[in-house]
Amino acid sequence: MSVLEVRDLSVRFGGHLAVGGVDLDVDAGRICGLIGPNGAGKTTTFNAICGVITPTSGTVTLDGRNVSRLSTHKRARVGIGRTFQRLEVFSSLTVRDNVRVGLEIRKGWSRGRTPTPAFLAGGADIAPADEIELILQRLHLVELADLPVGSLPTGQARLVELGRALAARPRVLLLDEPASGLDERETVDFGELLVDLSRAGLGILLVEHDISLVMRVCEHLSVLDFGQVIATGSPEQIRSNEAVLAAYLGSATGDEDLVDAAAIAEASVGHDNGNGIAYGAAPTPWTGPGGGGPT
């Protein structure tokens, strides 16, 4: 059963149909991509899923529960996490305090202390301060933890935004162009991180224009054009879909990106995302208070 189900989602702004009849499914432990040209309706779809805007029609279901009538903050409480196309961080706060914000907000609505999710500490029962440090470790932000986020490059600031989202312990995570501002090596590392998180049970819906990244990490893709889903399928199916090539990838660009991505990935060793791309070794298990580690 999908952790997130979107059915017949439509959004109108006056007489303009921005999103029309979109269906999406995201399973736990799976990375799904939502791609398409600028203006296709990807961020609008995210906004409707999260409750930022009210759709004209359609339903959003999380773990079998219809959350379509819930407000944005209540959807976050039940497990819909999100990062933004336009970077949203507290620039005057340190990296550590930005992550702490997510954790403190979660503590405000959480009933009692619960085991840390598998995608963070393999279900170990660790203290809040240790959970913050674990997130910083997973995102390679420990050395930057005491710096104000406003002093960081955009790519690193995006990782901080991701860390804050993870601190809220989402069931499904919506990422809106998270690789923007990352260089080539950082993008490869980021892809490894996403695969690690998904393998530990987190469902991820990814909007991204870096097609090489998308094709490496996603198991399933949906393609939007003018607010309509024009194709769904595996990366291999999307790569050869004529409608997608005409609307978005182009006749050559998609193949060139995939060749470049494969060349980068061949330099790494480790697990495979199911699309023939190998990634580096899994992260070091958590060995701090609470014991245990990702399995």
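Quick caveat: nothing in here was measured; it's all calculated off a predicted structure.

Caption draft 1: View of the overall build of the chain. Within the chain, the secondary structure is distributed over 11 helices and 10 strands. Residues classed as buried in the chain amount to 50% of the 295 residues present. Contacts in the chain between residues far apart in sequence, at least 24 positions, make up 66% of those at least 6 positions apart. As displayed, the chain has an accessible area near 12,900 Å², and 50% of this comes from carbon and sulfur atoms.

Caption draft 2: Focus on the nonpolar core. By size, the foremost hydrophobic cluster in this structure holds 47 residues, and its most contacted members are I35, V95, L141, L162, L175, F190 and I238. Sorting elements by how many residues they give to this core places helix α6 (residues 154–167) first, with 7 residues. The residues contacting L162, other than those within four sequence positions of it, are T83, L139, L173, L175, F190 and L193. Listed in part, the 27 residues of the second largest apolar core include V3, L4, A18 and L24.

Caption draft 3: Here's a closer look at the pattern of salt bridges. Using the criterion set out here, one finds 12 salt bridges in the structure. Its salt-bridge partner being R7, residue D25 comes within 2.8 Å of it at the nearest N-O pair. Of this pair, D25 sits in strand β2 (residues 16–26) while R7 sits in strand β1 (residues 4–13), and the two are 18 residues apart along the sequence. In this structure, R30 engages D27 in a salt bridge whose closest nitrogen and oxygen atoms are separated by 3.5 Å. Judged by relative accessible area, which is 24%, R30 ranks as partly exposed.

Caption draft 4: The sheet that holds strand β4 (residues 57–62), seen in detail. In space, the 4 strands of this open sheet follow the order β2-β1-β4-β5, with antiparallel pairing throughout. Each end of this open sheet is capped by a strand with a single partner; those strands are β2 and β5 (65–66). Across 7 bridges, the pairing between β1 and β2 is antiparallel. When the sheet's bridge partners are listed, R12 is paired in β2 with L17. Most of the contacts of helix α1 (residues 42–50) go to β1, to which it runs at about 115°, and overall it touches β1, β2 and β4.

Caption draft 5: Geometry of the sheet that holds strand β8 (residues 203–207). With mixed pairing, the 6 strands of this open sheet are ordered in space as β6-β7-β8-β3-β9-β10. Strands with a single pairing partner mark the edges of an open sheet, and in this sheet they are β6 (80–82) and β10 (228–233). Adjacent strand axes in the sheet meet at a mean angle of 20° when their direction is disregarded. As judged from the 3 bridges shared by β6 and strand β7 (residues 172–176), these two strands associate in the parallel manner. Counterpart to R82 in the pairing with β7 is L174.

Caption draft 6: Expanded view of the pairing of β8. The element β8 is extensively covered by neighbouring structure, given that 5 of its 5 residues are classed as buried. The alternating pattern of β8 places G203, L205 and V207 and I204 and L206 on opposite faces, both of which are buried. Both strand β3 (residues 31–35) and β8 contribute to a ladder of 3 bridges, which runs parallel. Each residue of the ladder has a partner; that of C32, found in β8, is L205. Across 5 bridges, the pairing between β7 and β8 is parallel.

Caption draft 7: Expanded view of the pairing of β7. Within β7, 5 of the 5 residues are buried, which leaves the element mostly enclosed by the surrounding structure. Where burial is concerned, the two faces of β7 agree: the one with V172, L174 and D176 and the one with L173 and L175 are both buried.

Caption draft 8: Expanded view of the environment of L17. By secondary structure assignment, the location of L17 is in strand β2. A C-alpha to C-alpha distance of 9.6 Å links L17 and G41, two positions 24 residues apart in sequence. Those residues within four positions of L17 in sequence are excluded, and the remaining contacts are S10, V11, R12 and Q228.

Caption draft 9: Spotlight on the side chain of S222. With respect to the secondary-structure elements, S222 resides in strand β9 (residues 220–225). Apart from residues no more than four positions distant in its own chain, S222 is found in contact with L24, G33, L34, I35, A231 and T232.

Caption draft 10: How the structure looks around the side chain of E177. Counting through the fold element by element, E177 comes out in the loop between β7 and α7 (184–199). No salt bridge is formed by the buried E177; its nearest oppositely charged neighbour, K42, is found at 5.6 Å. Apart from residues lying up to four places away in sequence, E177 is in contact with Q85, R158, V207, E208 and H209.

About the criteria used
- Residues numbered from 1 in each chain as written.
- Predicted model: local features only at pLDDT ≥ 70, side-chain atom pairs only at ≥ 80, totals over all residues.
- Heavy atoms only, no water.
- Helix = DSSP H or I, 4+ residues; strand = E, 2+ residues; numbered from the N terminus.
- Buried < 20%, exposed > 50% of the residue type's maximum accessible area, 1.4 Å probe, protein only.
- Contact = heavy atoms within 4.5 Å.
- Areas by Shrake-Rupley, 256 points an atom, 1.4 Å probe, with all protein chains shown as cover.
- Core = buried A, V, L, I, M, F, W, Y, C linked by side-chain atoms within 4.5 Å.
- Salt bridge = Lys/Arg side-chain N within 4 Å of Asp/Glu carboxyl O.
- Pairing = 2+ DSSP bridges.
- Axes fitted to C-alpha atoms, helices over the stretch in contact; angles between N-to-C directions.
- Lys, Arg positive; Asp, Glu negative; His and termini not counted.

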